[in-house]
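Analysis of the macromolecular model
Listed below are the residues making up each chain.
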Amino acid sequence: MIRIKISKTLEQKIRLGYPWIFDYQVQNEKIGGKAGDLAVVYDSKNRFLAIGLYDPESKIRLRILKTLNPVAIDSNLFKERFDRAIQLRKFLSLEGTTGYRLINGENDGFPGLVLDRYESTIVLKLYTSAWIPYLDILIRLFKTQLSVERCVLRQSRKLTESKIISKKYSEGQLLFGSKISEPIYFKENGISFVVDVISGQKTGFYLDQRDNRQKIRLLSKGKSVLNVFSYTGAFSVYAFAGGANSVLEIDSNPIALAASRKNIRLYFQNRNFLSEEFDQIKADGFDALSNLGLGKKRYDLVILDPPAFARRKKQTKAALNAYKKLAQAGAKVTKSGGILFTASCSVHVQTDRFYEAVFSGIRSTGRGYKEIGRAGHAKDHPFTFREGEYLKGIFCEIA
Ligand code: SAH
C-alpha cells in the first residue's frame, strides 16, 4: 500500500477531519501508484492517521476515506455510508421533491463523487478517476439500495481530458438500466421540471438552490421579477408558481434559455405569454444589466445567481470585484422597497467577504438596504469542511 508523508501542521488539520492532501503537500518522492490505489498517511509517531484514494493525475493527490481508526475499504463500508446518505434525504419526498443530491461527495463519505437523483434516473458524477476501480461495487450498491430505472455517468472536465481514465467508461454513458428515450422529469417542492442529464451543466440542474427558490416563490406574489443567469429557469418557474406578474430572464447561453422555456411551458401547459409577462434576453449578464439600468424599468425582485467567478484561488480578488459590480448593477434596477437576491457558488470566495462585496456594491449606488436573510445550500448538500460550504446567498431589501 502507498505510504504518504506529510508535515506536522497538515497532520493536525487531517486529524480534525480535513479530507484532502494536495500534490505539493506530499513529502515523499517517487511514490508510483495509480488512480484508485489506497494510500495510508501515518503521523509523525508512525501511527495510522488516515487512509484514502490516491490519484496521481489530480492536484488533490489523496482524498481521505477514513481518519484516525483504520477500517476495511470495501462494499460494507460504502453500503453503510450510502444507507446513511439515503436516510438523511428521506424527508424530501414529504415536501414533494424527487430531484435531489443523494451523495454529496466528501460530506457523505464519498470524496470526489456526487450522485444526483432525478426521480428514477440517477446521475453519477466523478471528479477523480480514483473511483473507476470501485465502479462495479458502486453500481451494485445503487441497484440494490435504490429502485431506479437507470444510472448515467458524468465526468468532470478534467477527468474527460485524463489520459489514464479507463477506456471502458465515457462521458454520458449509461452505467445500467434502460436507454433514455423520453425526457426526464422530476419534482422540486411539487413543481415539475425536465432535465437534460447528458449535456446539462453539472448533472443537469442546480439542485443546491432549492431552498432559496422556495423563498423566492414566497416573495413573488404580484411582483415583477428579473432573473439573471437564469439557466434552466428554475427560479423563474418558482416565481410564477408564487404568483409573479412577470419574469424577464437573462442568460448568455441559448441552450439554457431554450431549456428554461421548456420548464415554463411544463408548468403552465397551454398559457401563451405576452412579452411583458415573460421574456428572455440572450446576452452577457453584466452588459444586459447595465443596459437595463440606463432605461426606466425597475423590478420588484431581482435574482443574481451567476456561475463561479473564482475557480482558482488566484481569482478570488477579481471574483469579489465582479460580485460587487453585479450587486451594484442589480441594486440599480431594483425598485425602491424591492428585493435583491444574490448568490455565489465560488469555493474560493469566503462567505463574509462575499457579503461585504455585495453590501459595498449596493452602497456604491447611494441606496440604503436592509438585510432580510442569508442562505446556503439545501439540506441534501450537507457539509463537513469549509470547501464543502461553497454556496452563500443573501436577500436584501433595497431602499
Ligand atoms: N440560477 C441558475 C443557475 C445558474 S448557472 C439555476 O437556478 O438553475 C449559471 C448560468 O449563467 C448558466 O446558465 C450560464 O449559461 C450563464 N452564464 C455564464 N456566464 C454568463 C454571462 N457572462 N452572462 C450571462 N449568463 C452567463
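Definitions and cut-offs
- Residues numbered from 1 in each chain as written.
- Predicted model: local features only at pLDDT ≥ 70, side-chain atom pairs only at ≥ 80, totals over all residues.
- Heavy atoms only, no water.
- Pairing = 2+ DSSP bridges.
- Helix = DSSP H or I, 4+ residues; strand = E, 2+ residues; numbered from the N terminus.
- Axes fitted to C-alpha atoms, helices over the stretch in contact; angles between N-to-C directions.
- Phe/Tyr/Trp six-rings, centres within 6.5 Å; stacked < 30°, edge-to-face > 60°.
- Lys NZ or Arg CZ within 6 Å of the ring centre and 35° of its normal.
- Contact = heavy atoms within 4.5 Å.
- Core = buried A, V, L, I, M, F, W, Y, C linked by side-chain atoms within 4.5 Å.
- Buried < 20%, exposed > 50% of the residue type's maximum accessible area, 1.4 Å probe, protein only.
- Domains from an automatic or database assignment.
- Disulfide = S-S within 2.5 Å.
- Near = heavy atom within 4 Å.
- Polar contact = N/O pair within 3.5 Å; in protein donor to acceptor, adjacent residues only side chain to side chain.
- Areas by Shrake-Rupley, 256 points an atom, 1.4 Å probe, with all protein chains shown as cover.
- Nonpolar A, V, L, I, M, F, W, Y, C, P; charged D, E, K, R; others polar.
- Buried area = accessible area lost by both parts, 1.4 Å probe.
- Salt bridge = Lys/Arg side-chain N within 4 Å of Asp/Glu carboxyl O.

1. Overview of the sheet that holds strand β8 (residues 121–126)
- Reading across from one edge, β6-β7-β8-β9-β10 is the order of the 5 strands in this open sheet, with mixed pairing throughout. Looking at strand neighbours, the two that pair on one side only are β6 (99–104) and β10 (174–177), the edges of this open sheet. Averaged over all adjacent pairs, the angle separating strand axes in this sheet is 20°, with direction ignored.
- Bridge count for β8 against strand β9 (residues 150–155) is 6 bridges, and the pairing is parallel. If you follow Ile-122 over to β9, its bridge partner there is Cys-151.

2. Examining the packing of aromatic side chains
- Following the criterion strictly, the structure yields 30 aromatic pairs and no others.
- Here Phe-309 and Tyr-323 contribute two aromatic rings whose centre-to-centre distance is 4.8 Å and whose plane-to-plane angle is 45°, an arrangement assigned as tilted. Note that Phe-309 is positioned in the loop between β16 (299–304) and α9 (316–332) and Tyr-323 in helix α9, a separation of 14 residues in sequence.
- Taken together, Tyr-18, Trp-20, Phe-22, Tyr-24 and Phe-385 form an aromatic cluster joined through their ring pairs.
- Geometry around Phe-235 places Arg-213 over its ring, the cationic atom sitting 5.6 Å from the centre.
- Between the NZ or CZ atom of Lys-297 and the centre of the ring of Tyr-299, over which it lies, the distance is 5.1 Å.

3. Quick notes on the sheet that holds strand β14 (residues 246–251)
- With mixed pairing, the 7 strands of this open sheet are ordered in space as β15-β14-β13-β16-β17-β19-β18. Looking at the sheet topology across the chains shown, the edges are occupied by β15 (278–282) and β18 (369–375). The mean angle between the axes of side-by-side strands here comes to 15°, regardless of whether they run parallel or antiparallel.
- Bridge analysis of β14 against β15 gives 5 bridges, and the strand direction is parallel. By the bridge assignment, Leu-248 is partnered in β15 with Asp-279.
- Running at roughly 155° to strand β17 (residues 334–344), α9 makes contact with β16, β17 and β19 (392–398) of the sheet.

4. A few points about the nonpolar core
- With 37 residues, the main nonpolar core has Phe-82, Ile-122, Leu-124, Trp-131 and Phe-142 as its most contacted residues.
- No other element matches helix α3 (residues 135–145), which puts 5 residues into this core.
- In this structure, this core is formed jointly by two domains, domain 1 (2–67) and domain 2 (75–185), each of which donates at least three residues.
- Not counting the four nearest positions on each side in its chain, Phe-142 is found in contact with Phe-82, Ile-103, Leu-115, Ile-122, Leu-124, Cys-151 and Phe-176.
- Membership of the second largest hydrophobic core comes to 33 residues, among which are Phe-286, Ala-329, Ala-331 and Ile-394.

5. Overview of the state of the cysteines
- Taken as a whole, this structure holds 0 disulfides when the rule is applied.
- Of the cysteine sulfurs around Cys-345, a residue in no disulfide, the closest is that of Cys-396, at 18 Å.

6. Comments concerning the site of the ligand
- Around the ligand, 17 residues are found, and the nearest of them are Arg-213, Asp-251, Asp-284, Gly-285 and Asp-305.
- Asp-284 places a polar side-chain atom, nitrogen or oxygen, 2.8 Å from a nitrogen atom of the ligand.
- A total of 580 Å² of accessible area belongs to the ligand in isolation, and the protein chains cover 89% of it.
- When grouped by side-chain class, the residues that make up the shell around the ligand number 7 nonpolar, 6 polar and 4 charged.

7. Description of the environment of Glu-356
- Mapped onto the elements, Glu-356 comes out in helix α10 (residues 351–363).
- Glu-356 gets classed as partly exposed once you look at its relative accessible area, which sits at 41%.
- Separated by 33 residues in the primary sequence, Glu-356 and Tyr-323 place their C-alpha atoms 9.7 Å from one another.

8. Some words on the domain arrangement of the protein chain
- Annotation of the protein chain at the domain level lists domain 1 (2–67), domain 2 (75–185) and domain 3 (207–398).
- Of the roughly 1100 Å² buried at the junction of domain 2 and domain 3 (both faces included), carbon and sulfur atoms supply 60%.
- Across the contact surface, domain 2 and domain 3 share 1 salt bridge.
- On the surface where domain 2 and domain 3 come into contact, there are 4 residue pairs in polar contact (both at pLDDT 80 or more).
- Of all the secondary-structure elements, those providing two or more residues to the side of domain 2 that touches domain 3 are β6 and β7 (113–118).

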